[in-house]
Amino acid sequence: MSHDSMNLMIGGEAGQGLVTVGQVLAKALVKSGYHILVTQDYMSRVRGGHNTFTIRFSSQKLDSPCEGVDLLVALNQQTLDLHAGELNPDSAVVAETGFTCGQAPCLNVPYEELADKRYLNTVALGVAASLLGLERELVAQTLEAAIGKKKGDKVVEENNQALEKAFAWAQGQTHTLKPPAPAQAGEKRMMLGGNQAIALGALAAGLKFLAFYPMTPSTAIALTVISHAEQMGVVYEQAEDEIAAINMALGASYAGAPAMVCTSGGGYALMTEGVSLAGMTETPLVIAVAMRPGPATGLPTRTEQGDLLFALHGGHGEFPRAILAPGSVKQCFAAGYQALHLAEKYQTPVFILTDQFLADSLRALEPLDLSGLSPVRPGGGGAEGEDYRRYEITEGGVSPRRLPGLGPELVVADSDEHDQEGHITEDLELRVRMQDKRMAKMKGLVADTQAPEFSGPEDADTLLVSWGSSQGPVAEAARRLAEEGQSVATCHFGQVWPLAPAQFAQRFKKAGQVVVIEGNATGQFAGLLKKEAGIAAQRFIGRYDGLNLTPEYILRQLAS
Amino acid sequence: MVDIKQYGEVETAWCPGCGNFSIRKALIQALADSDLEPHQILLVSGIGQAAKTPHYLRCNCFNGLHGRSMPAATGARLANSGLKVIATSGDGCNYGEGGNHFLAALRRNVNVTMLAHDNQIYGLTKGQASPTSLEGMHTKAQPTGVHSYPFNPVAVAVSMHVGFVARGFAGEVEHLAGLIKQALAHPGLSLVDILQPCVSFNKLNTYQWYKERVYKLGEEAEHDPADWDAAIRLSYEFGERIPIGVIYTNDRPAFDSYFPVLDKGPLATQEVDYGAMQKVLDSYC
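Because the structure is predicted, anything quoted here is derived from the model rather than measured.

Student: Teacher, can you tell me more about the overall build of chain A here?
Tutor: Secondary structure assignment for chain A yields 20 helices and 21 strands. Whereas a compact globule of 560 residues would reach a radius of gyration of roughly 24 Å, chain A reaches 25 Å, a difference of no more than 12%. Overall, the C-alpha framework of chain A stretches about 85 × 60 × 40 Å when taken along its three principal axes. Here chain A, with 560 residues, has 62% of them falling under the buried criterion. By element, 50% of the accessible surface of chain A is carried by carbon and sulfur atoms, the whole surface being about 20,500 Å². The distance from the centre of the 45 positive side-chain charges to the centre of the 63 negative ones in chain A is 3 Å.

Here is the structure:
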């Protein structure tokens with residue numbers, strides 16, 4: 001146990017239902033008043049292999065996952081072989097009778113005596129829930145909601161019986177596990193993952209069109225939008241490829257539907273031609289990229305922050321863009337909302353850059369507040385009728401955007417260099433003016449850039465810098481260092497492009513050493529800081545083994 | 001009644017004698033005959049000589065990327081079902097670079113009219129083989145002749161039960177205008193593959209070559225477009241004789257019809273329901 005939190009790991013093969021067990025436990029913990037932070041580590045296969053679903057929970061708010069396991073639910077022997085070494089003092093293992101546990105404090109569950117083989121999952125869930133002190137009725141309700149069937153149904157009844165027997169069995173066992181006391185139980189909270197939050201944020205901004213091609217770990221963004229599409233009046237399509245997806249979204253956006261695509265590195269590679277088209281035609285578009293390790297197919301289900309520069313530079317030619325990099329699930333919601341607004345305001349592509357760790361990380365959230373939110377309102381402005389010009393040169397670079405078919409104005413968009421009306425031109429002097437017009441939007445984008453978030457003393461000996469999903473692990477590492485009496489501050493960038501050095505350069509100068517921490521091998525953000533703000537970090541800590549950053553990893557690297 | 005003059009006269013970058021002039025003329029005639037005004041239509045194109053068409057008449061225009069006219073047209077139509085959306089591009093664009101999109105569009109059946117200016121050559125890049133070039137055709141890029149079997153868009157479309165499949169000829173403007181008018185009236189995807197001589201680069205499939213071969217279905221030969229077997233047979237007739245006219249029709253429901261939200265008007269004008277949004281958020285509690 002670490003810092004009043006507990007780490008529960010469920011391990012097994014793909015197809016054993018460990019995600020269901022994990023999700024029900026996570027939800028039951030949230031309903032019981034705990035804060036949670038889930039990390040999912042899975043292999044690129046539907047059956048077999050080795051997957052884990054880890055829930056860190058606490059009565060306090062959690063920023064980051066941590067290492068060490070307090071309760072290990074092993075659905076197979078391999079889980080024990082791989083993770084017994086990670087057990088903390090006063091931990092417990094839930095394993096089937098006959099599994100070899102070695103020195104581990106093992107509770108060998110006689111699954112077959114307690115329930116039919118089909119309900120092995122439910123028994124494991126019941127034993128774990130009982131050890132954590134959760135209420136059986138609450139777990140039963142959560143399980144019932146998860147299997148999507150009603151009371152009285154045979155499957156629900158049998159699951160209930162299995163759960164009851166598991167609870168009864170576990171209560172007769174002795175162990176030294178000490179779950180943290182829950183916070184205010186009964187408080188209404190949401191359980192949400194990063195991908196879900198991006199989708200909900202976009203819907204809250206009035207997303208009306210989504211096209212995608214399935215790609216781990218981004219698919220849940222699309223699936224979340226689709227699951228609410230009818231309620232929210234969204235049109236969606238699984239395209240034939242990512243090229244089609246982005247071009248469909250651009251067609252829809254041109255015609256006035258706030259639009260988004262979601263993908264991962266390889267799919268984004270296919271989309272880049274369309275990103276450039278968005279830049280040239282000045283069509284608003286949100287591109288959510290959930291990163292995974294590359295190059296090429298890389299580690300399809302693991303995490304990395306390796307596509308920052310690719311998101312920044314993907315697409316031929318020069319055009320303005322913005323890149324949001326949310327650090328938490330709550331920030332994912334805000335990013336989904338803001339990205340749509342920014343895209344419309346500047347009529348240019350806006351990215352949301354996340355990664356597998358954050359995408360799949362379920363967290364407990366205070367209910368999201370819709371008050372004060374407003375929808376994107378596409379179109380409007382400019383001269384009427386014959387005099388309307390889609391690409392009228394304006395001071396800020398943003399031209400009046402009318403929508404085709406909604407008035408007598410003709411809206412002409414072109415991928416070729418064009419005149420103010422939108423028609424092809426090879427007038428090279430005009431080309432310069434049009435390029436200047438497009439790039440003039442950067443000034444507004446810089447002015448609207450979110451300032452990085454500082455925490456800790458201004459003149460700290462060490463300033464730990466994070467962007468995107470590394471925020472939580474860095475925040476917790478800094479807290480632990482501060483508890484040891486070290487002088488540490490943090491700075492988190494929730495938007496990584498454009499950078500506005502005026503917002504942070506002075507504060508960086510006051511710090512002793514600057515350490516940039518990110519999930520890649522080459523220090524992409526550290527390089528960007530140097531190029532854009534002239535800040536040369538003294539150290540770079542990277543992680544690129546496919547796993548998420550943890551406070552422990554950061555502390556080990558800092559100490560080495 | 002809409003007058004063809006509403007569509008304007010503009011200078012083009014096409015070669016004198018190009019088949020695109022006739023296609024443009026037929027298109028404008030069909031639009032006027034369909035009582036469609038310039039602001040009610042959207043022309044989407046890719047890249048190529050044919051893809052410049054939207055710039056040469058007054059209309060809403062999305063001139064996107066090579067091969068990508070159908071996806072962009074699909075998105076625009078799904079955002080505003082009040083727009084009459086026409087994708088207009090060449091054989092290289094539609095069948096080569098956009099081949100995957102072509103197949104997907106045939107399956108998807110969105111209410112878009114697809115005009116394929118099929119000149120069996122790449123014109124804009126000065127005379128390389130296209131997916132529909134006949135075997136044996138010599139070009140600078142294929143000095144020993146084209147060795148790949150030509151793509152047959154009409155046969156592929158009929159085989160996939162596309163709701164409206166026609167073949168037109170740029171040398172028969174009035175006939176072509178009639179086909180485009182029928183295509184515009186079709187509620188799902190409509191394909192008009194248009195045989196188009198390229199006077200600069202295709203020395204094989206010339207006006208003369210086509211004129212000797214084409215014959216009109218319904219006028220010079222009986223054909224029931226509802227007869228799929230007959231349509232399949234006709235779609236493979238491309239040699240001594242080439243049929244032009246409506247090859248195949250059916251009434252398969254359009255993709256658009258599966259989204260009731262589209263009946264409420266353009267998505268851009270539909271309010272966001274924050275009550276519904278609150279319920280969505282509550283479902284995660």
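The structure having been displayed, the exposition proceeds.
Student: Just to check I follow, could you spell out unusual backbone geometry for this structure?
Tutor: Phi is mostly negative for residues that are not glycine, and the peptide bonds are mostly trans. Here the bond from Thr216 of chain A into Pro217 of chain A is cis, since omega is 5°, no more than 30 degrees from zero. For the peptide bond that leads from Gly294 of chain A to Pro295 of chain A, omega is -5°, which places it in the cis range. In this fold, Pro295 of chain A is placed in the loop between strand 11 (285–291) and helix 12 (308–313). The phi angle at Asn109 of chain B is positive, at roughly 65°, despite the residue not being glycine. Relative to the helices and strands, Asn109 of chain B resides in the loop between helix 4 (99–108) and strand 4 (113–118). Relative accessible area serves as the criterion here: at 1%, Asn109 of chain B is assigned to the buried category. With a phi close to 60°, Gln120 of chain B is a non-glycine residue in the positive phi region.

Student: What is the right way to look at the sheet that holds strand 16 (residues 453–455) of chain A in this model?
Tutor: Sheet strands pair via backbone hydrogen bonds, and the direction of the pair is either parallel or antiparallel. Residue and element names in this part refer to chain A. Strand order in the open sheet formed by five strands is 16-18-17-20-21, with mixed pairing between adjacent strands. Of all the strands in the sheet, just strand 16 and strand 21 (539–542) have a single pairing partner and so form its edges. On average, each strand axis in the sheet is tilted by 20° relative to the strand beside it, whichever way the strands run. Pairing geometry for strand 17 (residues 462–467) and strand 18 (residues 488–493), over six bridges, is parallel. Considered in strand 18, the bridge of Ser466 is made with His492. Where helix 19 (residues 524–533) meets the sheet, it contacts strand 17, strand 18 and strand 20 (513–518), and its direction lies at approximately 135° from that of strand 20.

Student: What's the story with the packing of aromatic side chains in this structure? I'm lost.
Tutor: The description of two aromatic rings rests on the distance between their centres and on the angle between their planes. With the rule as written, the count across this model stands at 21 aromatic pairs over all chains. Ring centres of Phe102 of chain B and Phe151 of chain B lie 5.8 Å apart, and the angle between their planes is 75°; on these two criteria the pair is classed as edge-to-face. Separated by 49 residues along the polypeptide, Phe102 of chain B in helix 4 and Phe151 of chain B in the loop between strand 6 (128–129) and helix 5 (153–159) bring together distant segments of the chain. The interplanar angle of 90° and the centroid separation of 5.1 Å between the aromatic rings of Trp209 of chain B and Tyr210 of chain B together place this pair among those described as edge-to-face. No difference in accessibility class separates Trp209 of chain B from Tyr210 of chain B, as the two residues are buried. Among the aromatic side chains, those forming a connected cluster through ring pairs are Phe454, Trp467, Phe493, Phe504, Phe508 and Phe525 of chain A. Between the NZ or CZ atom of Arg241 of chain B and the centre of the ring of Tyr215 of chain B, over which it lies, the distance is 3.8 Å.

Student: Any chance you could explain the interface of chain A and chain B here in plain terms?
Tutor: A common way to express how large an interface is: the accessible area buried when the components associate. Of the residues lining the interface, 67 residues belong to chain A; the matching set on chain B comes to 50 residues. Each partner contributes to the roughly 4,800 Å² buried at the junction of chain A and chain B, and carbon and sulfur atoms together form 65% of this total. On inspection of chain A and its partner chain B, the count reaches six salt bridges. Arg58 of chain B is the partner of Glu386 of chain A in a salt bridge, and the nearest nitrogen-oxygen pair spans 2.8 Å. In this structure, the connection of chain A to chain B is made through 23 residue pairs in polar contact (both at pLDDT 80 or more).

Student: Looking at this model, I keep getting lost on the nonpolar core. Mind explaining?
Tutor: Residue and element names in this part refer to chain A. The biggest cluster of nonpolar side chains holds 153 residues, and the ones touching the most others in it are Phe209, Phe493, Phe508 and Phe525. The contact partners of Phe508, leaving out residues within four places of it in the chain, are Phe454, Leu463, Val465, Cys491, Phe493, Val514, Leu529 and Ile535. By size, the runner-up hydrophobic cluster in this structure holds 51 residues, among which are Phe53, Ile55, Leu75 and Ala128.

Student: I keep staring at the pattern of salt bridges and nothing clicks. Help me out?
Tutor: Side chains that differ in sign of charge can pair as their charged atoms come close. Counting across every chain of the model gives 33 salt bridges over all chains. Lys188 of chain A is paired through a salt bridge with Asp282 of chain B; the nearest N and O atoms lie 3.8 Å apart. A residue pair is termed interchain when its members come from two chains, as with Lys188 of chain A in the loop between helix 6 (154–171) and strand 7 (190–192) and Asp282 of chain B in helix 9 (residues 274–282). For Glu271 of chain B, the salt bridge is made with Arg377 of chain A, and the minimal N-O distance between the two is 3.2 Å.

The rules behind each value
- Residues numbered from 1 in each chain as written.
- Chains lettered and ligands numbered in written order.
- Predicted model: local features only at pLDDT ≥ 70, side-chain atom pairs only at ≥ 80, totals over all residues.
- Heavy atoms only, no water.
- Helix = DSSP H or I, 4+ residues; strand = E, 2+ residues; numbered from the N terminus.
- Rg over C-alpha atoms; globule rule 2.2 N^0.38 Å.
- Buried < 20%, exposed > 50% of the residue type's maximum accessible area, 1.4 Å probe, protein only.
- Areas by Shrake-Rupley, 256 points an atom, 1.4 Å probe, with all protein chains shown as cover.
- Lys, Arg positive; Asp, Glu negative; His and termini not counted.
- Charge placed at Lys NZ, Arg CZ, Asp CG, Glu CD.
- Pairing = 2+ DSSP bridges.
- Axes fitted to C-alpha atoms, helices over the stretch in contact; angles between N-to-C directions.
- Contact = heavy atoms within 4.5 Å.
- Phe/Tyr/Trp six-rings, centres within 6.5 Å; stacked < 30°, edge-to-face > 60°.
- Lys NZ or Arg CZ within 6 Å of the ring centre and 35° of its normal.
- Buried area = accessible area lost by both parts, 1.4 Å probe.
- Salt bridge = Lys/Arg side-chain N within 4 Å of Asp/Glu carboxyl O.
- Polar contact = N/O pair within 3.5 Å; in protein donor to acceptor, adjacent residues only side chain to side chain.
- Core = buried A, V, L, I, M, F, W, Y, C linked by side-chain atoms within 4.5 Å.

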